[in-house]
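Residue-level structural notes
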Amino acid sequence: MMARVPPRAYIVPDWHRCKDSKEYFNKIIHKKNRKNFGLLESPVMPPYAAVDTLDYKIFISGKSGVGKTALAARLAGLNIPSVHHETTGIQTTVVYWPVKLRENGRVLFFRLQLWDCGENALRRFDHLLPSCKEQVDAVLFLFSFTDRTSFQDLSNQITKWTESTDCLVKVVVGTKFDLFMHCDVAERDVRKFQETWRLPVLHSGGEVSDGLGDVAPILNCLAENLWHQDCVRAGATGRQQQHETGTLP
Ligand SMILES: Nc1nc2c(ncn2[C@@H]2O[C@H](COP(=O)(O)OP(=O)(O)OP(=O)(O)O)[C@@H](O)[C@H]2O)c(=O)[nH]1
Ligand SMILES: [Mg+2]
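Criteria and thresholds
- Residue positions within a chain follow its written sequence, with the count starting from 1.
- Just so you know, chain letters begin at A and ligand numbers begin at 1, following the order they were written in.
- Given that this is a predicted model, residues contribute local features only at a pLDDT of at least 70 and side-chain atom pairs are listed and counted only at 80 or more, while totals for whole chains, interfaces and linings are drawn from all residues.
- UniProt positions are given in the numbering used here, feature names are shortened, and annotations may be inferred rather than shown by experiment.
- Every helix listed is a DSSP run of H or I at least four residues long, and every strand listed is a run of E at least two residues long, numbered separately from the N terminus.
- For the radius of gyration, the atoms used are the C-alpha atoms, and the globule rule reads 2.2 Å times the number of residues raised to 0.38.
- Buried, partly exposed and exposed are defined by the number of other C-beta atoms within 10 Å of a residue's own C-beta, namely 20 or more, between the two limits, and 12 or fewer respectively, with C-beta atoms placed from the backbone.
- Any pair of residues counts as being in contact when their C-beta atoms, constructed from backbone geometry, are within 7 Å of one another.
- Nearness rests on one distance test: the residue's C-beta atom, set from the backbone, must lie within 6 Å of the molecule or strand.
- Throughout this entry, Asp, Glu, Lys and Arg are counted as charged residues, while Ala, Val, Leu, Ile, Met, Phe, Trp, Tyr, Cys and Pro are counted as nonpolar. The remaining residues, Gly among them, count as polar.
- By the convention used here, strands pair only if DSSP detects at least 2 bridges between them.
- To count as a nonpolar core, a set of buried Ala, Val, Leu, Ile, Met, Phe, Trp, Tyr and Cys residues must be joined through C-beta atoms within 7 Å.

Where an unreviewed UniProt entry is consulted, the protein chain appears under the name Ciliogenesis and planar polarity effector 2, with the organism given as Poecilia formosa. UniProt lists a comment for the protein chain under the heading Sequence similarities (unreviewed entry), and it reads "Belongs to the small GTPase superfamily. Rab family." In UniProt, the protein chain has this text filed under Subcellular location (unreviewed entry): "Cytoplasm, Cytoskeleton, Cilium basal body".

**Focus on the overall build of the protein chain**
Along its length, the protein chain carries eight helices and eight strands. For the protein chain, the C-alpha radius of gyration of 19 Å lies close to 18 Å, the compact-globule estimate for 249 residues. Looking at the protein chain as a whole, 31% of its 249 residues qualify as buried. Considering only residue pairs separated by 6 or more positions, the protein chain has 74% of its internal contacts joining residues 24 or more positions apart.

**Some details on the site of ligand 1**
Taken together, 24 residues lie near ligand 1, and Gly67, Thr69, Ala70, Thr87 and Gly205 sit nearest. Among the secondary structure elements, those contributing two or more residues to the shell around ligand 1 are helix 2 (68-76) and helix 3 (119-124). In terms of residues, the shell around ligand 1 owes the most to one element, helix 2, which gives three residues. For the shell around ligand 1, a count of residues per class yields six nonpolar, 13 polar and five charged.

**Brief notes about the pairing of strand 3 (residues 52-61)**
Looking at chain direction, strand 3 and strand 5 (residues 107-117) are connected through nine bridges and run parallel. Within the sheet, the bridge partner assigned to Thr53 lies in strand 5 and is Phe109. Two elements, strand 3 and strand 6 (residues 138-144), share four bridges in a ladder whose sense is parallel. Along strand 6, the bridge assignment pairs Ile60 with Leu140.

**With respect to the pairing of strand 4 (residues 90-100)**
Where strand 4 lies against strand 5, eleven bridges are found, and the strand directions are antiparallel. By the bridge assignment for strand 5, Val95 is matched with Leu112. The antiparallel pairing of strand 4 with strand 5 creates a hairpin that spans six residues between the two strands, and Gly105 there sits at a positive phi of about 75 degrees.

**A closer look at the nonpolar core**
Counting 47 residues, the largest nonpolar core has Ile58, Ile60, Ala138 and Leu222 as the members making the most contacts within it. Sorting the residues of this core by element identifies strand 3, helix 2, strand 4, strand 5, strand 6, strand 7 (169-175) and helix 8 (216-245) as the ones contributing at least two each. Once you skip the residues sitting within four places of it in the chain, Ala138 turns out to touch Tyr56, Ile58, Leu168, Val169, Val171, Leu222 and Leu226.

**Side note on unusual backbone geometry**
Positive phi is not limited to glycine here, since Asp14 has a value of about 55 degrees. Judged by the 13 C-beta atoms lying within 10 Å of it, Asp14 is partly exposed. Even without being glycine, Gln135 reaches a positive phi, approximately 55 degrees. For Gln135, a count of 7 C-beta atoms within 10 Å corresponds to the exposed category.

See below:
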């Protein structure tokens, strides 16, 4: 439900379910669990199957308690803290995600560096936001299905980020989707928001499954939009170079 399919899909959807993806996904999974990658670690492929790795910085935005730290842990396949401990500074988590391009069958590793900063720390220390914003490729805008105000605040947040840069992937994630008994945000409102802003809206919540089913929609959506952004950027540079070399009027 809800995820908007981009008009042109660059990557093979649900590739983690295909047989030919196994040798790549095996590099990020160990005995049914996700492998943890430190800052300097990376999955190693045999030479005949060497793949390029693309690096991205992703900022996770949303009010305190919305579930930023929980989502970062979920995407990395780590344990999710069951109680809320305010994040006191910036915490980064590395997630590797293999992707296959539809056009030429090329496989790439997306290396997503997730930046999670406690909302109260962000307010308290002025120097945190600029370093979070520096060279950021995408922002995950979080709201909680159990907190209507977090949903209402989305447009504010998105506008703020759009002011500083227009070259930014924006994906919205509704957390605590499993707590439907306490749901405070109607699906109708989410659909309306999606139509107005034309942004992908995904959801997360519940027990972490041992498969990749709960994280694949979010990671594929990020990869798809990041790749699209790269293509747009490359197109712009290409045109720029043509201008400079005089091959374009
Ligand atoms: N049931 C359920 N609980 C969740 C979910 N996401 C987060 N939580 C819980 O919500 C609480 C707050 O989550 P955090 O991830 O710590 O919140 P945060 O956005 O990092 O908060 P700050 O660090 O203060 O900015 C924790 O107790 C989590 O276990 C979810 O999808 N479902
Ligand atoms: Mg946190």
